[in-house]
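# Structural features, examined
The primary structure of each chain is shown beneath.
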There are 6 protein chains.
Amino acid sequence: MSGPNISIYPGSFDPPTNGHLDLIERGARLFHRLIVAILRNDGKTSLFTVAERTEMLCEAVKHLPNVSVESFDGLLIRFAAEKGARVILRGIRAVSDYEYELQMALMNRKLHPEVETVFMLPGEAYSYVSSRLVKEVFRLGGDVGDLVPPNVVERLKAKGRVWEGAAPSK
Amino acid sequence: MSGPNISIYPGSFDPPTNGHLDLIERGARLFHRLIVAILRNDGKTSLFTVAERTEMLCEAVKHLPNVSVESFDGLLIRFAAEKGARVILRGIRAVSDYEYELQMALMNRKLHPEVETVFMLPGEAYSYVSSRLVKEVFRLGGDVGDLVPPNVVERLKAKGRVWEGAAPSK
Amino acid sequence: MSGPNISIYPGSFDPPTNGHLDLIERGARLFHRLIVAILRNDGKTSLFTVAERTEMLCEAVKHLPNVSVESFDGLLIRFAAEKGARVILRGIRAVSDYEYELQMALMNRKLHPEVETVFMLPGEAYSYVSSRLVKEVFRLGGDVGDLVPPNVVERLKAKGRVWEGAAPSK
Amino acid sequence: MSGPNISIYPGSFDPPTNGHLDLIERGARLFHRLIVAILRNDGKTSLFTVAERTEMLCEAVKHLPNVSVESFDGLLIRFAAEKGARVILRGIRAVSDYEYELQMALMNRKLHPEVETVFMLPGEAYSYVSSRLVKEVFRLGGDVGDLVPPNVVERLKAKGRVWEGAAPSK
Amino acid sequence: MSGPNISIYPGSFDPPTNGHLDLIERGARLFHRLIVAILRNDGKTSLFTVAERTEMLCEAVKHLPNVSVESFDGLLIRFAAEKGARVILRGIRAVSDYEYELQMALMNRKLHPEVETVFMLPGEAYSYVSSRLVKEVFRLGGDVGDLVPPNVVERLKAKGRVWEGAAPSK
Amino acid sequence: MSGPNISIYPGSFDPPTNGHLDLIERGARLFHRLIVAILRNDGKTSLFTVAERTEMLCEAVKHLPNVSVESFDGLLIRFAAEKGARVILRGIRAVSDYEYELQMALMNRKLHPEVETVFMLPGEAYSYVSSRLVKEVFRLGGDVGDLVPPNVVERLKAKGRVWEGAAPSK
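Predicted model, so just to flag it, every value in this text is computed and none were measured.

### Some points on the overall build of chain A
Along the backbone of chain A there are six helices and five strands. Each helix and strand of chain A, ordered N terminal to C terminal, gives the series β-α-β-α-β-α-β-α-β-α-α. With 170 residues in all, chain A has 60% of them scored as buried. Here the contacts in chain A between residues at least 6 apart in sequence split such that 78% fall between residues at least 24 apart. When the accessible surface of chain A is summed, it comes to about 6500 Å², and 52% of that surface belongs to carbon and sulfur atoms.

Here is the structure:
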């Protein structure tokens, strides 16, 4: 290895969960720099704006000096290359995750062979936490205080419990 | 174990299939009471109204004295707790089903640890039957008489073969 | 076996990829006739019209004398039966593909037991190529020259990089 | 449902783990009686005798009045029928577990249709604990105090760390 | 396609099951010739000799004029090439099957690219039947009359219920 | 991150394959040091001695200055801790691999939380290559020149094609 090892942790983070933060902490221990990269305009209706998601993430990672938060448009792999990153970091939980991740990783390798996709396991307490489930549980009146950081709970409450586009089932 | 064992079998049932009924009969043999719980307002366009689905299910389970049909809004696990249920009953077929079911079961356990999710296998003749496939086959002119109970066939015919929102492919 | 062995290779082909063509070539070596069958009106917004997809496929398979291109509405299995086909040919890559394919194959066997679904593996170089990923990569400005035939690249360029309905993520 | 609901929880229990005990406690809350059934003579070399495994399990479940420990030879489904059980209880963790379990459950249903196999999830803290891994970690000098009950730790120590037939890898 | 389409259906067939016969019948309808190929000396202890397995299979397929039974040593793909086969036919049931099958198919394609591996689904009634489970159920005194052809039941009875090397569990 | 990033790539390497070497090269680009760690005495009969495997690996990685080859007994995670490693590197291919790897990774995290398991994808050309398949193909007379490095081919030839314990099927 030569030069600093920069890694990208991409996602929608709508909103960030404790599972995301667990993985960010793990990644920050392994790489010189970790860039949390929020996908702008992913074609899905989002609950939080990119600015809100950036704020929530910045607050949640401010104790990690080698982590920064950015957002990007277009191909992830191109953003990674522009940043000089060698690594795309991804968390994996279920087998179906894993297959989609594999497909993306192979496609990205085809487009930019010098960037590697690296998979890590979130803490097992977070194996069932996803942004979608958090929104769903909150919308239906459940307590999400153990699933997301405190600043995300506050912002969810500020949004209120009624919004569209959060279907409860697969 | 103390007290009666009440279980909830939740779903969209749009429409009920022979696979659903097979599982209801299996569950009715294992638990004191089984509540078939129709999810109202699940964010998806449905073919049948909740009232129609309730009627179809009531007709189909009337030979099972310990089975009742209700509908619910909001968190399933809260509905289960209100009903004094100890068990959420789920059928599993494919591996991808199973993973989503696992995630939901772990989330529900987190929210209400005293309610257990229990999985049972539908009869193998029903391993490929889903409400989505039934609607698709019917819409395209296929015969669904072996896939759903007779009262559902009649109601499908009453709807006619043209409706929107039933995409044929994944 | 008696009589010629006709097989159907169904799909959306929006657009055709090198993975599709690899499988068509493999199928053409095994069966007397192979009909590439484009699903019309699949309920999804498509990038290319059925006419455009037919043209792209016809150009791409013109070196294979026993391959023809058609389109169909309604139940695949009925189309297969009308054509006198004995075989529905499907490519499989990931496990989640496989499960959906299994469910469809069992349903089709129920509806027309005399038509068999047969699975083949695309070349491993194509294991990550799908129409959805091709559109996504192209839309974001990536090079898809290794993923689709040259005539598809041209038509993608003619469409331009801006269109709706091609969400980048799962 | 009529009559008491007896369930069987079968396994090798060589040795019992905290994952097994977690599932026994969950099952004891759902069924009138739960019989932990140790498979005698399963064709594999075991570390503990059936008598030792029975003792360890009896000690570990003595706080659960509706749980008993027995051992059996021959077909599980026949033992279940002899005991008047309606349910075979199984824990599931990984997808590969699940497939083997499904195959066994379908075979058992074929042989005795009136006994149902029911699947429950162990606590997520136990998702990686298996008897095989416990023996392996102990043999190599690792601490298994969080993985098995205290009485099992003692008996493992009494056996010593050297025995044959516990291969470390798949 | 040019020339006759010969396919190989390889396996241990120790003993043949109704699932194997179901697949042989399906394959015999699709290909000009189907060679059932018994693997000699597969490194595992077998219950039946290759001669006994050949006899059981010959009796069971005698109504299928384009099916023959042979045995082979060494690489399957070389045997296939010697026979002029274009196809290796494999049945798939569970996902774990499927992955191993994929690995073998890719390796075989690497060694002999002109032979294709083709997968078909056994009838769903046979989805849980394997030679290993048949031997296990029979050994423990269960009835296997629905799982294997009558001539296999007779030969199992002639062997008696006591033999070594048939472990009941994973 | 502080201090150098040492990673361990453990395995049996009996023998090393091109898939192993592909992963070693990928890992060597990401971490300051990579230790290839051969598991001694894994309870399985091996074809090559630990000394032979060490030699083959040393020859194959001599162009990579930050890679060394060692062997270990006992718990992998303890070996990793002794070496000051922060990372255990694992390649993943199939879903079933992945599940076993996940279980091991969670167990290792439990035993030594400061060491992370990190997963990378081998090149897709190696997705079907395993030590077991290489031995099997070679034993049956197939050409393995594309599957292992040249020095491994030579040593396989020196062993001859007859040895025990290499069963051809699952």
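### Examining the pattern of salt bridges
All names here are of chain C. Counting across every chain of the model gives 75 salt bridges over all chains. Here Lys135 and Asp14 are joined by a salt bridge, their closest N and O atoms 3.0 Å apart. Linking Lys135 in helix H5 (residues 131-139) with Asp14 in the loop between strand E1 (6-11) and helix H1 (18-30), this pair joins segments that are 121 residues apart in sequence. No difference in accessibility class separates Lys135 from Asp14, as the two residues are buried.

### What to know about the sheet that holds strand E2 (residues 33-39) of chain E
Pairing is mixed across the open sheet formed by ten strands, whose spatial order is E3(C)-E2(C)-E1(C)-E4(C)-E5(C)-E5(E)-E4(E)-E1(E)-E2(E)-E3(E). One side of each edge strand has no neighbouring strand; the edge strands of this open sheet are strand E3 (67-72) of chain C together with strand E3 (67-72) of chain E. Taking the axes of each pair of neighbouring strands and ignoring which way they run, one obtains an average angle of 30 degrees across the sheet. Two strands pair when backbone bridges link them, and E1 of chain C and strand E4 (residues 87-91) of chain C are joined in this way by two bridges, in the parallel orientation. Bridging across to E4 of chain C, Ser7 of chain C finds its partner in Val87 of chain C.

### Considerations on the packing of aromatic side chains
All names here are of chain F. According to the stated counting rule, one finds twelve aromatic pairs over all chains in the structure shown. Measuring from ring centre to ring centre gives 5.5 Å for Tyr9 and Phe13, while their planes differ by 65 degrees; the resulting arrangement is edge-to-face. By relative accessible area, Phe13 is classed as buried at 2%.

### Re the side chain of Glu116 of chain A
Relative to the assigned elements, Glu116 of chain A resides in strand E5 (residues 116-120). Here Glu116 of chain A falls in the buried class, since its relative accessible area comes to 2%. Of the polar contacts made by the side chain of Glu116 of chain A, one reaches the side chain of Arg109 of chain A; its length is 3.2 Å. Those residues in contact with Glu116 of chain A that sit more than four places away from it in its chain are Arg86, Val87, Ile88 and Arg109 of chain A together with Arg26, Arg29, Leu30 and Met120 of chain F.

### So, unusual backbone geometry
Looking along the chain, the bond that leaves Asp14 of chain E and enters Pro15 of chain E is cis, with omega of 0 degrees. With a phi angle near 50 degrees, Phe13 of chain A is a residue other than glycine that sits in the positive phi range. On the secondary structure map, Phe13 of chain A appears in the loop between strand E1 (6-11) and helix H1 (18-30).

### Overview of the pairing of strand E2 (residues 33-39) of chain A
On a regular strand, each side chain points to the face opposite its neighbour's, so the side chains alternate between the two faces of the sheet. Residue and element names in this part refer to chain A. Of all seven residues in E2, six are buried; the element is thus mostly enclosed. Examined bridge by bridge, E2 and strand E3 (residues 67-72) share six bridges and lie parallel to one another. Bridge pairing in E3 places Ile35 opposite Ser68.

### Description of the packing of helix H2 (residues 50-61) of chain D against helix H6 (residues 150-159) of chain D
Two quantities define a packed helix pair, namely the angle between the axes and the distance from one axis to the other. Residues and elements named next belong to chain D. Direction vectors running N to C along H2 and H6 enclose 155 degrees, while the axes themselves pass 10 Å from each other. In this view, H2 runs roughly antiparallel relative to H6, as classed from their interaxial angle. Contacts between H2 and H6 involve Glu52, Glu55, Met56, Glu59 and Ala60 from the former and Asn151, Val152, Arg155 and Lys159 from the latter. Here the residues of the contact of H2 with H6 are counted per class, giving three nonpolar, one polar and five charged.

About the cut-offs
Residues numbered from 1 in each chain as written. Chains lettered and ligands numbered in written order. Predicted model: local features only at pLDDT ≥ 70, side-chain atom pairs only at ≥ 80, totals over all residues. Heavy atoms only, no water. Helix = DSSP H or I, 4+ residues; strand = E, 2+ residues; numbered from the N terminus. Buried < 20%, exposed > 50% of the residue type's maximum accessible area, 1.4 Å probe, protein only. Contact = heavy atoms within 4.5 Å. Areas by Shrake-Rupley, 256 points an atom, 1.4 Å probe, with all protein chains shown as cover. Salt bridge = Lys/Arg side-chain N within 4 Å of Asp/Glu carboxyl O. Pairing = 2+ DSSP bridges. Axes fitted to C-alpha atoms, helices over the stretch in contact; angles between N-to-C directions. Phe/Tyr/Trp six-rings, centres within 6.5 Å; stacked < 30°, edge-to-face > 60°. Polar contact = N/O pair within 3.5 Å; in protein donor to acceptor, adjacent residues only side chain to side chain. Parallel < 35°, antiparallel > 145°, perpendicular 65-115°, else oblique. Nonpolar A, V, L, I, M, F, W, Y, C, P; charged D, E, K, R; others polar.

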